[in-house]
Amino acid sequence: DSIIYAYDQIERLGIVSRKVDSLDVAPLLAFDFGCGSGDFSRLLLEKGFKVWGYDPYVEPKIVHPDFTYIKEPANVDILDLKVGIILSVTVLDHIVDDDDFQTALRILRTKVAEQGVFLMIEYATDEPVHSSCDYQAFRTIDRWQKALANAGWNIVTSEPVPHPSESPSSGFRCYKKSMFVRLLGTLLVFPFLVPYVRLLLARYAEEVLNSHGVGDVVTSPLKFIQCRPV
């Protein structure tokens, strides 16, 4: 959904940026696990990090001397890295097999420096969710805590972050109901206009976000979890 994505992605970038700025991280090396189109890798590059981005499906269009793309899962396992930040944004919850999930957490533990940090925005519900979805796990925060502990991680903080349908921020609600966004939404049916509409949506979303701020929710199925190695 182009309308949701335009605001939601910018808001998540703002949340991650604020957290990274609040941390004293060393070394300035980062691993973007499930980098996708590369938005979060670009954010880390802008903050002076050397970044490795792993994604088996999407190669981001990033041409930067400090960015390295990794496609094959085996290369993650053998890569000799000790980074200051590992970042995962709505990726690990899509590893539905518990053994594979646990293996991924253990491999990531081997890639972080002793003073490093693991940051993730993931579905971590407060209560069990009964779902027939076969591509998303919907683990509870308690299950996350146990799995992370088994892999050598300790949760430092767990904070709710906005979810566009379950727990939208005040900024997103304002953005979504605006006449301008509704008008742009009607133009998305014309393929040749889609790139321009998305650009206008992103610009307007940024204006609204700057006015309202980021992350003003109390409860949410999405959590920003910060971990440190044990």
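This section reports on the structure supplied with the text. (Residues numbered from 1 in each chain as written. Predicted model: local features only at pLDDT ≥ 70, side-chain atom pairs only at ≥ 80, totals over all residues. Heavy atoms only, no water.)

**Topic: the pattern of salt bridges**
Next up, step 1: Evaluated as defined, the whole model comprises 9 salt bridges.
Next up, step 2: One salt bridge in this structure joins arginine 139 and aspartate 93, with 3.9 Å as the shortest N-O distance. Pair noted here: arginine 139 is in the loop between strand 5 (112-123) and helix 5 (141-150) and aspartate 93 is in the loop between strand 4 (83-89) and helix 4 (98-109), with a separation of 46 residues, a long-range link.
Next up, step 3: Of the residues examined, arginine 139 reaches a relative accessible area of 1% and is grouped as buried. (Salt bridge = Lys/Arg side-chain N within 4 Å of Asp/Glu carboxyl O. Helix = DSSP H or I, 4+ residues; strand = E, 2+ residues; numbered from the N terminus. Buried < 20%, exposed > 50% of the residue type's maximum accessible area, 1.4 Å probe, protein only.)

**Remarks on the packing of aromatic side chains**
Next up, step 1: Applying the stated criterion across every chain yields a total of 11 aromatic pairs.
Next up, step 2: Seen from their ring centres, phenylalanine 33 and tyrosine 54 are 5.3 Å apart, and the 25 degrees between their planes marks the pair as stacked. Remark: tyrosine 54 occurs in strand 2 (residues 50-54) and phenylalanine 33 occurs in strand 1 (residues 29-33); sequence separation between them is 21 residues.
Next up, step 3: Tyrosine 54 sits in the buried class, given a relative accessible area of 9%.
Next up, step 4: Here the aromatic rings of phenylalanine 172 and tyrosine 175 are separated by 6.0 Å at their centres, their planes lie at 40 degrees, and the arrangement is tilted. Placement of both phenylalanine 172 and tyrosine 175 in helix 6 (residues 170-177) is noted, with a separation of 3 residues, approximately one turn of the helix. (Phe/Tyr/Trp six-rings, centres within 6.5 Å; stacked < 30°, edge-to-face > 60°.)

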